[in-house]
Amino acid sequence: MPVQYLKETPSQTGGPYVHIGCLPHFAGLNLRTQEKLHVLAGGGVPGEQIRIEGVVWDGSGHPLRDVMLELWQADGSGTYNAPGFRGWGRVGADPQTGLWGFETIRPGATPWVDGRPQAPHCSLLLFARGINIHLHTRIYFDDRPEANAADPALLSIELVNRRQTLIAARQAGGQGRSDVPTFRFDVHLQGDKETVFFDC
Amino acid sequence: MSSDTGEFTRRDRAWHPPAFTPPYKTSVLRSPGKALVSLRQSIGERTGPVFGHGDLDPLDNDLIRNYITTGGEAIGERIIVHGRVVDEMGRPVKGSLVEVWQANAGGRYRHGNDRYLAPLDPNFGGCGRCVTDDDGRYFFRTIKPGPYPWMNHNSDWRPSHIHFSLFGNAFAQRLVTQMYFEGDPLIPLCPIIGTIRDKAAVDMLVAKLDMNEMVPFDSLVYRFDIVLRGRRSTFFENRPEGN
Ligand SMILES: [Fe+3]
């Protein structure tokens, strides 16, 4: 008989009303009206200001308009939980279009388990109705091709053509401020372009 | 966050609900079709955001009083929900943000997408949060949520439940789940609970009536303990090269 440990509490879907508990003002409640969790860094934080935006698509090509996303990242020097920069954000997709966006700074390189540098990236979690246990992916940046080519996590994805599903594309003219570089990161839950989701 | 950087135990994916569960229809188009890719845990998975009491309002864990608009308190069966958050080794998980949301006593959510005919309670928002103490304990006060119908297999009914979100101390411990109430006859009929295959796993989601903690002439009390992933010991740590 194996050694007995406690079992992890099982997951359940966040459901269609996840916003009430996680983003109450977004859900329409008159609570925490000042909270702007999709803004990880305003002007005062050192680093390169960026915007990351995208849409999560279901297996029939429809946008998830009720998804809630969480971002977790290091600061510009590669430090998690840096003083003055929590590095965590949360956003609800637009109820009409499904578009979501974070305002943050570009993360720095962080160490892999063996000390090699990882390319700048953010962790992204998805919670929604119909998702029984949250999905975990990563966002890399397409204007850092050398770092991405050497990134141990990307290299650990055996199917080479799937690696590009984690690379956000810098684009002109996102919905944010025009002076802030915008990266587009669409998530595909199923199909040929299915995003890589991690078990970690 | 924690200065501790140990790796977490593997998640038992057979214990959690799988992604593709056709009786819960929405999962059909929202479940990845390909296998998850195994990822070694590095610093970003082993750490997580820190939340302190500075982030909280004193009424955040009192859902009976944190959304009063017309005076009085929320209507319904008054309850307190409490418990401990521990890891798989039984160690307390301190400083974890615990967020909860729920329907009102009639089974209606304060959300634009909820069109159920039951009325809103002007004095109930259905949103709360707290942070676990050094022993991993948390508690909040609320009213017992009502069951509600939802569009799945025509009118399916959700048992009374409270949604929970937990951070633990690392992104690898992140967990969103739902708490049910002991003795609810709707539990075995629910397609969302039915996504979990093991009866013992379902039992972990069922809060037990705690008569010893009952508040006389005020509130019933339910106990709901939560287990998050634990950090492995680090005996001989080799640093594998390559991938
Ligand atoms: Fe619910």
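Nothing here was measured: the structure is a model prediction, and the numbers come from that model.

A.B. asks: How would you explain the overall build of chain A if you had to name every residue and give the values?
C.D. replies: Secondary structure assignment for chain A yields three helices and 12 strands. For chain A, the C-alpha radius of gyration of 17 Å lies close to 16 Å, the compact-globule estimate for 200 residues. Nonlocal contacts in chain A, meaning residues at least 24 apart in sequence, comprise 66% of its contacts between residues at least 6 apart. By element, 52% of the accessible surface of chain A is carried by carbon and sulfur atoms, the whole surface being about 7900 Å². Measuring between centres, the 18 positive side-chain charges of chain A sit 3 Å from its 21 negative side-chain charges.

A.B. asks: Tell me about the state of the cysteines, and please be specific about residues and values.
C.D. replies: Scanning the model with the defined rule gives zero disulfides over all chains in all. Free of any disulfide, A:Cys122 has its nearest neighbouring cysteine sulfur in A:Cys200, separated by 15 Å. With no disulfide partner, B:Cys190 has as its closest neighbouring cysteine sulfur the one in A:Cys22, 19 Å distant. B:Cys190 sits in the buried class, given a relative accessible area of 4%.

A.B. asks: So what's going on with the interface of chain B and chain A? Which residues, and what values?
C.D. replies: Counting from both sides, the interface comprises 88 residues of chain B and, opposite them, 72 residues of chain A. Where chain B abuts chain A, roughly 7000 Å² becomes buried across the two surfaces, and 56% of that area is made up of carbon and sulfur atoms. The largest per-residue losses of area from chain B upon contact with chain A belong to B:Arg30, B:Leu39 and B:Phe171, which jointly make up 12% of the total buried on that side. Across the contact surface, chain B and chain A share nine salt bridges. Two residues, A:Glu35 and B:Arg129, come together in a salt bridge whose shortest N-O distance is 3.4 Å.

A.B. asks: Tell me about the pairing of strand β10 (residues 206-209) of chain B, and please be specific about residues and values.
C.D. replies: Residues and elements named next belong to chain B. With two bridges joining them, strand β9 (residues 175-181) and β10 adopt parallel strand pairing. Considered in β10, the bridge of Tyr-180 is made with Val-206. As paired strands, β10 and strand β11 (residues 220-223) are joined by two bridges and run antiparallel to one another. Across the sheet, residue Leu-209 finds its bridge partner in β11, namely Tyr-222.

A.B. asks: Could you give an account of the pattern of salt bridges, with specific residues and numbers?
C.D. replies: A full pass over the atoms with the stated rule returns 32 salt bridges over all chains. Here A:Asp143 and A:Arg106 are joined by a salt bridge, their closest N and O atoms 2.8 Å apart. Of this pair, A:Asp143 sits in the loop between β8 (135-141) and α2 (145-149) while A:Arg106 sits in the loop between β4 (99-105) and β5 (110-111), placing them 37 residues apart in sequence. Classification of A:Asp143 as partly exposed rests on a relative accessible area of 23%. Overall, the relative accessible area of 6% leaves A:Arg106 in the buried class. When the shortest N-O distance is used, the salt bridge between B:Asp60 and B:Arg129 registers 2.8 Å. With B:Asp60 in the loop between α1 (43-46) and β2 (78-87) and B:Arg129 in strand β4 (residues 127-131), the pair connects residues that are 69 residues apart, well separated along the chain. A residue is classified by how much of its surface remains accessible, and B:Asp60, at 8% relative accessible area, is buried. Taking the relative accessible area as the measure of exposure, B:Arg129 reaches 11% and is therefore buried. Each of A:Glu48, A:Arg106, A:Asp143, A:Arg144 and A:Arg170 takes part in a single network of salt bridges with overlapping partners.

A.B. asks: Account for unusual backbone geometry, naming residues and giving values.
C.D. replies: Although it is not a glycine, A:Asn81 sits at a positive phi angle of roughly 55°. At B:Phe217, a position not held by glycine, the phi torsion is positive, near 55°. Inspection of the secondary structure assignment puts B:Phe217 in the loop between β10 and β11.

A.B. asks: Kindly report on a nonpolar patch on the surface, identifying the contributing residues and their values.
C.D. replies: Residue and element names in this part refer to chain B. The grouping of Phe-20, Val-28 and Leu-29 at the surface amounts to a nonpolar patch, some 240 Å² of accessible area in total. Considering the arrangement of structural elements, one finds Val-28 in the segment before β1 (37-38). For Val-28, a relative accessible area of 32% corresponds to the partly exposed category.

A.B. asks: Quick one: what's the story with the coordination of the iron ion, residue by residue and with numbers?
C.D. replies: All names here are of chain B. Coordination of the iron ion by the protein involves Tyr-109 (OH), Tyr-148 (OH), His-161 (NE2) and His-163 (NE2), with metal-donor separations of 1.9 to 2.2 Å. Relative to the metal, the four donor atoms surrounding the iron ion lie at angles of 91 to 164°, and the coordination shape comes out irregular. Motif for the iron ion, donor spacing along one chain: Y-x38-Y-x12-H-x1-H. Placement of the pair is Tyr-109 in the loop between β3 (97-101) and β4 and His-163 in strand β8 (residues 161-166), with a sequence separation of 54 residues. With a relative accessible area of 3%, His-163 lands in the buried category.

A.B. asks: Would you mind going over the UniProt feature "domain: Intradiol ring-cleavage dioxygenases" (unreviewed entry) in chain B in detail, with residue names and values included?
C.D. replies: Listed under "domain: Intradiol ring-cleavage dioxygenases" (unreviewed entry) in the UniProt record, and renumbered for this structure, are residues 81-109 of chain B. Annotation note: span residues 81-109 of chain B, helix share 0%, strand share 41%, distance between end C-alpha atoms 19 Å.

A.B. asks: Go over the UniProt feature "domain: Intradiol ring-cleavage dioxygenases" (unreviewed entry) in chain A, please, and point to the residues and values.
C.D. replies: Residues annotated by UniProt as "domain: Intradiol ring-cleavage dioxygenases" (unreviewed entry) correspond here to residues 52-80 of chain A. The distance separating the terminal C-alpha atoms of residues 52-80 of chain A is 19 Å; by composition the span is 0% helix and 38% strand.

A.B. asks: How would you summarise the pairing of strand β2 (residues 68-72) of chain A if you had to cite specific residues and measurements?
C.D. replies: Put simply, side chains in a regular strand alternate between the two faces of the sheet. Residue and element names in this part refer to chain A. For β2, the buried fraction is high: five of the five residues fall into the buried class. Burial of the side chains of β2 extends over both faces: Met-68, Glu-70 and Trp-72 are buried on one face and Leu-69 and Leu-71 on the other. With five bridges joining them, β2 and strand β3 (residues 88-92) adopt antiparallel strand pairing. Each residue of the ladder has a partner; that of Leu-69, found in β3, is Val-91. For β2 and strand β7 (residues 122-127), the ladder comprises five bridges, and the chain directions are antiparallel. Bridged to Met-68 within β7 is Phe-127.

Procedures and definitions
Residues numbered from 1 in each chain as written. Chains lettered and ligands numbered in written order. Predicted model: local features only at pLDDT ≥ 70, side-chain atom pairs only at ≥ 80, totals over all residues. Heavy atoms only, no water. Helix = DSSP H or I, 4+ residues; strand = E, 2+ residues; numbered from the N terminus. Rg over C-alpha atoms; globule rule 2.2 N^0.38 Å. Contact = heavy atoms within 4.5 Å. Areas by Shrake-Rupley, 256 points an atom, 1.4 Å probe, with all protein chains shown as cover. Lys, Arg positive; Asp, Glu negative; His and termini not counted. Charge placed at Lys NZ, Arg CZ, Asp CG, Glu CD. Disulfide = S-S within 2.5 Å. Buried < 20%, exposed > 50% of the residue type's maximum accessible area, 1.4 Å probe, protein only. Buried area = accessible area lost by both parts, 1.4 Å probe. Salt bridge = Lys/Arg side-chain N within 4 Å of Asp/Glu carboxyl O. Pairing = 2+ DSSP bridges. Patch = residues over 30% accessible without salt bridge, like charges linked within 9 Å, V, L, I, M, F, W, Y side chains within 5 Å. Donors = N, O, S within 2.8 Å, 3.2 Å for Na, K, Ca; no water. Tetrahedral: all angles 85-135°; square planar, octahedral: opposite > 155°, others 65-115°. UniProt positions renumbered as here; feature names shortened; annotations may be inferred.

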